Amino acid sequence: MRKHPVGWFYALAFAISWAGWVPIVAYSRGAISLPGPAVFPLLLLPAAGPALAAAVVARRVDGEGAVDRLLRPLVEWRVGAPWLAVACLLPALALLAGKALTDVAGLEAPRVPAGGVAAATVVGALVTSLLSNPWEEVGWRGFALPRLQERHGALVATLVVGVMWGLWHLPLFFWVGNPMSERPFLPWSVGTVAVSFVYTWLYNGAKRSLLPVTIFHVAGNTLGVAITGVSVAAMAVVHAAVATALIAFGRRDALR
């Protein structure tokens, strides 16, 4: 584990998370029976999987105090107002740009329920994101990204984190009834890898604080439910354009 901490982290993160998702996917397809009360505990595994995996490996590799150091960046708020503002506003701007591109190009967007999206659905997305996204970021950006950056630089590290992050979500695309199952995996994956460059830019620019990164993640997931009629392919294009701009013109110390 000491020789390949990132590899062990991803192995554990996938094992823990998919141990929760796979039975639910099988149940949704009628392959197994599952008592209703078992669903919630199973959902806790993917919510906590990345953080648990990071904590286990960090404790084994870095010793006493490693878990505290791993979690501390979540509450590191002295990062500068501009970074927090970008984390709050950029998801909305990206989604609005994606919606405009969807309309102009006549792209197919996910179906919207009759009557539109209820406020309760948006609140539910916010609550779910608040409970799960911070623990994802402890793993993806708090553990894996800095270690990969040290060896390979930000660009390669971001590509690795983005690809693995996308693959981690794979069971959701087979979960009958889950909104993700109606989205095309390939363009969604391209968009996920592309937006990972924004996450890296925020993380490095905000002095490796996970707070703006987590805000960006929560805002993106919540607004993604509130702002409807946006094509997955359009968002991939928007995120790719933003990633290209950051790589070409971003501050060297933020995306080095």
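Residues numbered from 1 in each chain as written. Predicted model: local features only at pLDDT ≥ 70, side-chain atom pairs only at ≥ 80, totals over all residues. Heavy atoms only, no water.

Peer 1: Talk me through the overall build of the chain; I want residue IDs and the actual numbers.
Peer 2: Counting its regular elements, the chain contains eight helices and zero strands. Walking the chain from its N terminus toward its C terminus, one meets helices and strands in the order α-α-α-α-α-α-α-α. The C-alpha radius of gyration of the chain comes to 18 Å, within 12% of the 18 Å expected for a compact globule of 256 residues. C-alpha extents for the chain along the principal axes are approximately 50 × 50 × 30 Å. The buried share of the chain, taken over its 256 residues, is 44%. In the chain, 81% of the contacts between residues at least 6 apart in sequence involve partners at least 24 apart. Of the accessible surface of the chain, which amounts to about 12,800 Å², a share of 69% is contributed by carbon and sulfur atoms. Counting 19 positive and 11 negative side-chain charges, the chain places the centres of these two groups 6 Å from one another. (Helix = DSSP H or I, 4+ residues; strand = E, 2+ residues; numbered from the N terminus. Rg over C-alpha atoms; globule rule 2.2 N^0.38 Å. Buried < 20%, exposed > 50% of the residue type's maximum accessible area, 1.4 Å probe, protein only. Contact = heavy atoms within 4.5 Å. Areas by Shrake-Rupley, 256 points an atom, 1.4 Å probe, with all protein chains shown as cover. Lys, Arg positive; Asp, Glu negative; His and termini not counted. Charge placed at Lys NZ, Arg CZ, Asp CG, Glu CD.)

Peer 1: Account for the packing of helix H4 (residues 81-105) against helix H6 (residues 185-205), naming residues and giving values.
Peer 2: The contact between H4 and H6 brings their axes to 10 Å, and the two run at 160 degrees. Accordingly, the angle class assigned to the pair H4 and H6 is roughly antiparallel. As for the relative orientation of H4 and H6, their crossing is left-handed in sense. The residues of H6 that touch H4, namely those facing Trp 83, Val 86 and Leu 90, are Val 198, Trp 201, Leu 202 and Gly 205. (Axes fitted to C-alpha atoms, helices over the stretch in contact; angles between N-to-C directions. Parallel < 35°, antiparallel > 145°, perpendicular 65-115°, else oblique. Left-handed = near helix turned anticlockwise from the far one by under 90°.)

Peer 1: Describe the side chain of Asn 133, and please don't skip the residues or the numbers.
Peer 2: With respect to the helices, strands and loops of the structure, Asn 133 is situated in helix H5 (residues 119-168). For Asn 133, a relative accessible area of 2% corresponds to the buried category.

Peer 1: Report on helix H7 (residues 211-226), specifying residues and quantitative values.
Peer 2: Since the α-helix advances by 3.6 residues per turn, residues separated by three or four positions end up pointing in the same direction. Compared with the 22 Å implied by 1.5 Å per residue over 16 residues, the 22 Å span of H7 between its first and last C-alpha is a close match. Those residues of H7 hidden inside the fold are in contact with H4, H5 and H6. (Expected span 1.5 Å × (residues − 1).)

Peer 1: Lay out the packing of H5 against H7 with the relevant residues and their values.
Peer 2: Helix-helix packing is characterised by the crossing angle of the two axes and by the distance between the axes. Contact geometry for H5 and H7: axes closest at 7 Å, N-to-C directions at 130 degrees. Relative to H7, the element H5 lies oblique. Crossing handedness for the pair H5 and H7: right-handed. For the pair H5 and H7, the contacting residues are Thr 121, Val 122, Ala 125, Leu 126, Ser 129, Leu 130, Asn 133, Pro 134, Glu 136, Glu 137, Arg 141 and Trp 165 in the first and Val 213, Thr 214, His 217, Val 218, Asn 221, Thr 222, Val 225 and Ala 226 in the second.

Peer 1: Pulling in residues and values, what's your account of unusual backbone geometry?
Peer 2: Its identity is not glycine, yet Lys 207 carries a phi of approximately 60 degrees, on the positive side. Here the phi dihedral of Arg 208 falls at roughly 65 degrees; this positive angle occurs in a residue that is not glycine. Along the chain, Arg 208 falls in the loop between H6 and H7. Since its relative accessible area comes to 28%, Arg 208 is described here as partly exposed.

Peer 1: Which residues make up the pattern of salt bridges, and what values do they have?
Peer 2: Here the structure, examined in full by the defined rule, presents four salt bridges. Between Arg 111 and Glu 182 there is a salt bridge, with its nearest N and O atoms 3.2 Å apart. Taken together, the residues Arg 111 in the loop between H4 and H5 and Glu 182 in the loop between H5 and H6 connect sequence positions 71 residues apart. In this structure Arg 111 comes out as exposed when scored by relative accessible area, which is 68%. (Salt bridge = Lys/Arg side-chain N within 4 Å of Asp/Glu carboxyl O.)

Peer 1: So what's going on with the nonpolar core? Which residues, and what values?
Peer 2: Across soluble globular proteins, nonpolar side chains have a tendency to be buried as a group. Within the largest apolar cluster, 55 residues are counted, with the highest numbers of intra-cluster contacts made by Phe 9, Tyr 10 and Trp 140. Listed by contribution, the elements that provide at least two residues to this core are helix H1 (5-28), helix H2 (39-62), helix H3 (66-71), H4, H5, H6, H7 and helix H8 (232-249). Those residues in contact with Tyr 10, other than ones at most four positions away along the chain, are Trp 140, Ala 144, Val 160, Val 161 and Met 164. (Core = buried A, V, L, I, M, F, W, Y, C linked by side-chain atoms within 4.5 Å.)

Peer 1: Describe a nonpolar patch on the surface, naming the residues involved and giving the relevant values.
Peer 2: Taken together, the side chains of Val 123, Val 127 and Leu 131 make up a nonpolar region of the molecular surface, amounting to roughly 280 Å² of accessible area. In this fold, Val 123 is placed in helix H5. (Patch = residues over 30% accessible without salt bridge, like charges linked within 9 Å, V, L, I, M, F, W, Y side chains within 5 Å.)

Peer 1: Hey, could you go over the packing of aromatic side chains for me, with residue numbers and the actual values?
Peer 2: This structure, assessed with the given rule, holds 13 aromatic pairs. Measuring from centroid to centroid gives 4.9 Å for Phe 173 and Phe 185, while their planes differ by 85 degrees, and the two rings are edge-to-face. Of this pair, Phe 173 sits in the loop between H5 and H6 while Phe 185 sits in helix H6; the two residues are twelve residues apart in sequence, bridging distant segments of the chain. For Phe 173, a relative accessible area of 10% translates into the label buried. Note on Phe 185: relative accessible area 28%, which makes it partly exposed. Here a set of aromatic residues connected by ring pairs shows up, and it is made of Phe 9, Tyr 10, Trp 21, Trp 140, Phe 143 and Trp 168. Positioned over the ring face of Phe 143 is Arg 147, at 3.9 Å from the centre of the ring. (Phe/Tyr/Trp six-rings, centres within 6.5 Å; stacked < 30°, edge-to-face > 60°. Lys NZ or Arg CZ within 6 Å of the ring centre and 35° of its normal.)

It is worth stressing that arrangement in space is one thing and function is another; only the former is reported here.
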